[in-house]
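A structural walkthrough
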Amino acid sequence: MTVPSRDAAATQSATAIPSTSDTSHRVNPRLRTLVPLRWGDMDAYGHINNVEVLRLLEEARIRAFGSPAHTGSPVGEPLAPLFNELPQDAQALVVEHRVRYLASLEYRDVPAQIDVWVTQLKGAGLTLAYEVRDGVDGTRCVIAETQLAFFDTGSNTLLRLTPQQRAKAAAHQDESPFRTP
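First things first, this report covers the structure right here in the doc. (Residues numbered from 1 in each chain as written. Predicted model: local features only at pLDDT ≥ 70, side-chain atom pairs only at ≥ 80, totals over all residues. Heavy atoms only, no water.)

Let's talk about the pattern of salt bridges
The cut-off we apply is this: One side-chain nitrogen of Lys or Arg within 4 Å of one carboxyl oxygen of Asp or Glu is enough to make a salt bridge. Counting from the N terminus, the helices are the DSSP runs of H or I reaching at least four residues and the strands are the DSSP runs of E reaching at least two.
Enumeration according to the criterion identifies 12 salt bridges in this entry. Across the pair Arg38 and Asp41 runs a salt bridge, and its minimum N-O distance is 3.0 Å. Arg63 is the salt-bridge partner of Glu59, the closest N and O atoms lying 3.9 Å from each other. With Glu59 and Arg63 both in helix 2 (residues 50-65) and 4 residues apart, the pair spans about one turn of that helix.

Things to note about unusual backbone geometry
The phi dihedral of Asn156 is positive, around 55 degrees, even though this residue is not glycine. As for its position among the elements, Asn156 is in the loop between strand 5 (140-152) and strand 6 (157-158).

Considering the pairing of strand 5
To keep things clear, this is the line we draw: The classification of residues rests on relative accessible area computed with a 1.4 Å probe and restricted to protein chains. Under 20% of the type maximum is buried, over 50% is exposed, and intermediate values are partly exposed. By the convention used here, strands pair only if DSSP detects at least 2 bridges between them.
When you tally the buried positions in strand 5, you get 10 out of 13 residues, the bulk of the element. Pairing of strand 2 (residues 90-101) with strand 5, which is carried by 11 bridges, proceeds in the antiparallel orientation. Note on strand 5: the bridge partner recorded for Leu93 is Ala149. As defined by bridge partners, strand 4 (residues 125-133) adjoins strand 5 across 9 bridges and the pair is classed as antiparallel. Following the sheet pairing, Gly125 is matched in strand 5 by Ala149. Hairpin connection, strand 4 to strand 5: the antiparallel pair is bridged by 6 residues, and Gly138 has positive phi, about 75 degrees. Judged from the 2 bridges that link them, strand 5 and strand 6 form a sheet pairing that is antiparallel. Counterpart to Asp152 in the pairing with strand 6 is Thr157.

Here we look at the nonpolar core
Counted only if it meets this: The set of buried Ala, Val, Leu, Ile, Met, Phe, Trp, Tyr and Cys residues whose side-chain atoms join them within 4.5 Å is what this entry labels a nonpolar core. Note on contacts: a residue pair qualifies if any of its non-hydrogen atoms lie within 4.5 Å across the two residues.
In this structure, Phe65, Phe83, Ile114, Leu126 and Leu128 are the most contacted members of the largest nonpolar core, which totals 33 residues. At the level of secondary structure, the elements contributing two or more residues to this core comprise strand 1 (31-35), helix 2, strand 3 (112-122), strand 4 and strand 5. Broken down by element, this core gets its largest block of residues, 6 residues, from helix 2. For Leu126, the contacting residues outside a window of four places in its chain are Leu82, Phe83, Gln120, Leu121, Thr146, Gln147, Leu148, Phe150 and Ala169.

Section: helix 2
For clarity, the threshold we go by: Take the residue count of a helix, subtract one, and multiply by 1.5 Å to get its expected span. In protein, a polar contact means a hydrogen-donor-capable atom and an acceptor-capable atom, both N or O and within 3.5 Å, with residues adjacent in sequence counting only if both atoms are side-chain atoms; elsewhere, any N or O pair within 3.5 Å suffices.
The end-to-end C-alpha distance of helix 2 is 23 Å, a good match for the 22 Å that 16 residues give at a rise of 1.5 Å each. When helix 2 is considered as a whole, its buried residues turn out to be Glu52, Val53, Arg55, Leu56, Leu57, Ala60, Arg61, Arg63, Ala64 and Phe65. Between a side-chain oxygen at the N-terminus of helix 2 and the backbone nitrogen of Val51 the separation is 2.7 Å; the capping residue is Asn49. Gly66, located one to two residues past helix 2, shows a positive phi value of around 95 degrees.

Topic: the packing of aromatic side chains
Test applied: Each aromatic pair joins two rings of Phe, Tyr and Trp (for Trp, the six-membered one) with centres within 6.5 Å, and gets the label stacked for planes under 30 degrees apart, edge-to-face for over 60, and tilted for any other angle. Here, over-ring charges are defined by two tests on the NZ atom of lysine or the CZ atom of arginine: distance to the ring centre within 6 Å, and angle to the ring normal within 35 degrees.
Inspection of the entire model under this criterion finds 3 aromatic pairs. Within the aromatic cluster, the residues linked to one another by ring pairs are Phe65, Phe83 and Phe150. One residue, Arg30, lies across the ring of Trp117, its end atom 3.6 Å from the ring centre. The side chain of Arg98 reaches across the aromatic face of Phe178, ending 3.8 Å from its centre.

Here we look at the environment of Thr153
Positionally, Thr153 belongs in the loop between strand 5 and strand 6. Note on Thr153: relative accessible area 32%, which makes it partly exposed. Taking the C-alpha atoms as reference points, Thr153 and Gln91, 62 residues apart in sequence, are found 7.3 Å from one another. For Thr153, the contacting residues outside a window of four places in its chain are Asp89 and Gln91.

Focus on the side chain of Asp134
Its place among the elements puts Asp134 in the loop between strand 4 and strand 5. Polar side-chain contacts of Asp134 include one of 2.6 Å to the side chain of Arg108. Beyond its immediate chain neighbours, meaning those up to four positions away, Asp134 contacts Leu105, Arg108, Thr139 and Cys141.

Geometric descriptors of this kind do not, in isolation, establish any biological role.
And the structure:
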């Protein structure tokens, strides 16, 4: 099996992911990213530490939607550039994380497979969902959500999503992984 490099994983194109909850032939709006695991991510129990899981979610979020406030040097184009199209003084601030660990994510020398999608659109922010799977056997290890608020540092006010940003985000909207059937 050939494993994509960190750069290749960051520049991969979005592909249709079969929907597990929909029997129609619609394309699933989830974006699939590959995020490398590091040896140092492992804790004394031999699996990826819970704090490092949040780092993996952040990496997946940036690979999927771009980096806000034009920070960092771009490695490649995000799958759905949304955050890197925010105004220069905009920040995407984490309001809340919700994480459920379903199985241990073991260190392996292959990237974790992380699907990212939008679950909620609000006036000045959105909620993103994640599903983390083992890169070798596909075991579903973590589900999570992150609520983000957009903030304008120049005016010290919340930054409302434009109709264009809402439409772009809505194209990647699906149900929360925490929903109960």
